[in-house]
Amino acid sequence: MKRGIILFVCVVISVGTAWSANWNTRRNPKNVIILVGDGMGFNQVEAGSLFSGRQVFERFPVRYGCTTFSASGNGYQPDSAWASFDYLKKRATDSGAAATALASGTKTTNGAIGVGPDGDPVPNILEVAEDVGKATGVVSSVGISHATPAGFVAHSRSRGSLESIAQEMILRSRVDVIMGAGNPWFDDNGNALAEPKNFRWVGGEQVWKGLLLSGARFDLDTNGTYETTVADADGDGVPDRWELVQTRRAFRQLAAGPTPKRVLGLPQIHETLQQKRTDQRGSNLRQDYANDEPYAVPLNEKVPTLAEMTRAAINVLDNDPDGFVLMVEGGAIDWAGHANLSGRLIEEVAGFTEAIEAVVAWVDSASSWDETLVVVTADHETGYLWGPGTGFGADGAIQWNPLQGQGLRQMPAMQWNSTGHTNSLVPFFAKGRCSERFARFVDGTDPRYGQFVDNTAIFRMLTED
Ligand SMILES: [Zn+2]
């Protein structure tokens, strides 16, 4: 160790409010698992159902619509939504503002991560959970510092500041498990690279080197004049190092037996587990793969599935006798939506559903619905997905047609009406402890989808008096 090193012990945001004091007296769940399908509207769920059969979360006892608008939007008026074809295309949220609302109960401007419209940090549900002694984690099928996992852990005015967001997550947060894409040394097909692609998803090259070397100390100054250390995740006064996990085999091994205290899981893939994989046709997904059936390009077997990552994360987190809060994101449902790739959409929904099945199996076998709350929802809809013939009919009237199933394992007939996000209601499913409390958060009734809550309801339900 060099002389003159200043050791920075990171100051973490401690919530320390009535929220944390109230957690146990309010008979809140021991464990909370929030699963976010990025870009997963009602029809994205329907596409998955028509292809794969009814999905386990569709039978959860609590089912609502959910509003997603951000502070950059203009709310959601049910009657307006169905009076013009373009209403839902306007002023939709981005994933950063939506993740902030889901995690912190605060509506913020598009692009913001864990800060309010004024730019000041707002505490999130993982921080509240850390304050009551729980373990916490985030798992995603896209980059670890991408908007949704970032919105549950970090605080930044700009979601584009990937490197500093990743540094906050890895170096300063008290989170115990972070898993997702962003591995610098692999491409989107999982091929090892001779030169690293970039280190932005993991907080820069020095952070990556620190993870490889010890998982605890990082020379952030290129002159080597100081170093920093990771946070004390469990409150015993000692910084807790990260165990870096990369291979599919290692993820699978983590799903059973003893585990390290803190795990940073970065599968050997660059931006996302499966959605950007290509074959000999090239890499222009929108152009070359638009008409592909699901799995026309075989799945990349080298990377873990989102379900395998979720099992691994839970097996690390459930060592904490106080319980845990975990967010799992199906992040590339949104990417398939932006690119209007129907086959990839179905694959991504199926991968997300498998992760939910893994969660349900864990609750059934190792926990119970009396101590664990599971919520499945989305941050927004992407692609304005409806059935064929949606739009203006021959008589000039607007119609929204349902997707048309063609039988199991057959691609349903569907029509994309946008390449962006929409302000559509998204589905909200809940099961387990306290799930009935969401009834108190119903904000209105939509003519098509019935009662809806808002995306701030999860944080509010768990923290408000
Ligand atoms: Zn998006």
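Model, not experiment: these values are computed from the prediction.

Details of the overall build of the protein
Turning to step 1, where the next piece is worked out: A tally of helices and strands in the protein yields 14 helices and 17 strands.
Turning to step 2, where the next piece is worked out: Considering only C-alpha atoms, the protein reaches an extent of 80 × 55 × 45 Å along its principal axes.
Turning to step 3, where the next piece is worked out: By residue count, 53% of the 465 residues in the protein fall in the buried class.
Turning to step 4, where the next piece is worked out: Across the protein, the fraction of contacts at a sequence separation of at least 24, relative to all contacts at a separation of at least 6, is 74%.

Considering the nonpolar core
Turning to step 1, where the next piece is worked out: With 126 residues, the main nonpolar core has L35, A313 and V359 as its most contacted residues.
Turning to step 2, where the next piece is worked out: Per-element tally for this core: the top contributor is helix 13 (residues 342–366), with eleven residues.

Concerning the pairing of strand 3 (residues 62–67)
Turning to step 1, where the next piece is worked out: Of the pairings in the sheet, the one linking strand 3 to strand 15 (residues 426–432) comprises five bridges and is antiparallel in character. From the neighbouring strand, V62 faces strand 15, where its bridge partner is A430.
Turning to step 2, where the next piece is worked out: As judged from the three bridges shared by strand 3 and strand 17 (residues 450–454), these two strands associate in the parallel manner. Residue pairing for strand 17: G65 is matched across the bridge by F452.

Structural notes on the environment of I34
Turning to step 1, where the next piece is worked out: If you trace the backbone, I34 turns up in strand 2 (residues 31–39).
Turning to step 2, where the next piece is worked out: Residue class for I34 comes out buried when judged on the 23 C-beta atoms lying within 10 Å of it.
Turning to step 3, where the next piece is worked out: Separated by 291 residues in the primary sequence, I34 and V325 have C-alpha atoms spaced 7.9 Å apart.
Turning to step 4, where the next piece is worked out: When sequence neighbours within four positions are dropped, the list of residues in contact with I34 reads L102, M327, V375 and I458.

Quick word on helix 2 (residues 42–52)
Turning to step 1, where the next piece is worked out: Burial within helix 2 is extensive, with eight of its eleven residues counted as buried.
Turning to step 2, where the next piece is worked out: Within helix 2 the residues assigned to the buried category are N43, Q44, V45, E46, A47, G48, L50 and F51.
Turning to step 3, where the next piece is worked out: Structurally, helix 2 contributes buried residues whose contacts are with strand 2, helix 12 (333–338), helix 13 and strand 15.

Quick look at the pairing of strand 17
Turning to step 1, where the next piece is worked out: For strand 16 (residues 444–446) and strand 17, the ladder comprises three bridges, and the chain directions are antiparallel. Bridging across to strand 17, D446 finds its partner in G450.
Turning to step 2, where the next piece is worked out: Adjacent in sequence and paired antiparallel, strand 16 and strand 17 are bridged by three residues.

What about the packing of helix 11 (residues 306–317) against helix 13?
Turning to step 1, where the next piece is worked out: As a packed pair, helix 11 and helix 13 sit with axes 7 Å apart at the nearest point and diverge in direction by 30°. Judged on the interaxial angle alone, helix 13 and helix 11 are roughly parallel. Between helix 11 and helix 13 the crossing geometry is right-handed. Where helix 11 approaches helix 13, its residues L306, A307, T310, R311 and I314 are matched on the opposing element by G351, F352, E354, A355, E357, A358, V359 and W362.
Turning to step 2, where the next piece is worked out: When its residues are assigned to classes, the contact of helix 11 with helix 13 shows eight nonpolar, two polar and three charged.

Some details on unusual backbone geometry
Excluding glycine, residues mostly carry a negative phi; peptide bonds, for their part, are mostly trans.
Turning to step 1, where the next piece is worked out: Even without being glycine, N340 reaches a positive phi, approximately 55°.
Turning to step 2, where the next piece is worked out: With respect to the helices, strands and loops of the structure, N340 is situated in the loop between helix 12 and helix 13.
Turning to step 3, where the next piece is worked out: At C434, a residue that is not glycine, the phi angle is positive and equals roughly 70°.

What to know about the confidence of the model for the protein
Detailed conclusions should not be drawn from predicted coordinates in areas where pLDDT is low.
Turning to step 1, where the next piece is worked out: Residues with a pLDDT of 70 or more make up 94% of the protein, whose mean pLDDT is 93.
Turning to step 2, where the next piece is worked out: Counting contacts from residues 1–12, a segment whose pLDDT is below 50, to residues more than four positions away or on other chains yields 18 contacts.

Some details on helix 11
Turning to step 1, where the next piece is worked out: The end-to-end C-alpha separation of helix 11 is 16 Å, in line with the 16 Å expected for twelve residues at 1.5 Å each.
Turning to step 2, where the next piece is worked out: Burial analysis of helix 11 places twelve of its twelve residues in the buried class, the great majority of the element.
Turning to step 3, where the next piece is worked out: Inspection of helix 11 places L306, A307, E308, M309, T310, R311, A312, A313, I314, N315, V316 and L317 among the buried residues, and these make up the whole buried set.
Turning to step 4, where the next piece is worked out: In this structure, the buried residues of helix 11 make contact with strand 4 (135–143), strand 5 (177–181), helix 9 (248–254), strand 9 (263–265), strand 10 (324–330) and helix 13.

Details of the packing of helix 2 against helix 13
Turning to step 1, where the next piece is worked out: At a closest axis distance of 9 Å, the pairing of helix 2 and helix 13 adopts a crossing angle of 85°. Overall, the two elements helix 2 and helix 13 adopt an arrangement that is roughly perpendicular. Within the contact between the two elements, helix 2 uses Q44, V45, A47, G48, F51 and S52 and helix 13 uses L345, I346, V349, A350 and T353.
Turning to step 2, where the next piece is worked out: For the contact of helix 2 with helix 13, the class distribution of residues is seven nonpolar, four polar and no charged.

Rules behind the numbers
Residues numbered from 1 in each chain as written. Predicted model: local features only at pLDDT ≥ 70, side-chain atom pairs only at ≥ 80, totals over all residues. Helix = DSSP H or I, 4+ residues; strand = E, 2+ residues; numbered from the N terminus. Buried ≥ 20, exposed ≤ 12 C-beta atoms within 10 Å, placed from the backbone. Contact = placed C-beta atoms within 7 Å. Core = buried A, V, L, I, M, F, W, Y, C linked by C-beta atoms within 7 Å. Pairing = 2+ DSSP bridges. Axes fitted to C-alpha atoms, helices over the stretch in contact; angles between N-to-C directions. Parallel < 35°, antiparallel > 145°, perpendicular 65-115°, else oblique. Left-handed = near helix turned anticlockwise from the far one by under 90°. Nonpolar A, V, L, I, M, F, W, Y, C, P; charged D, E, K, R; others polar. pLDDT = per-residue confidence, 0-100. Expected span 1.5 Å × (residues − 1).

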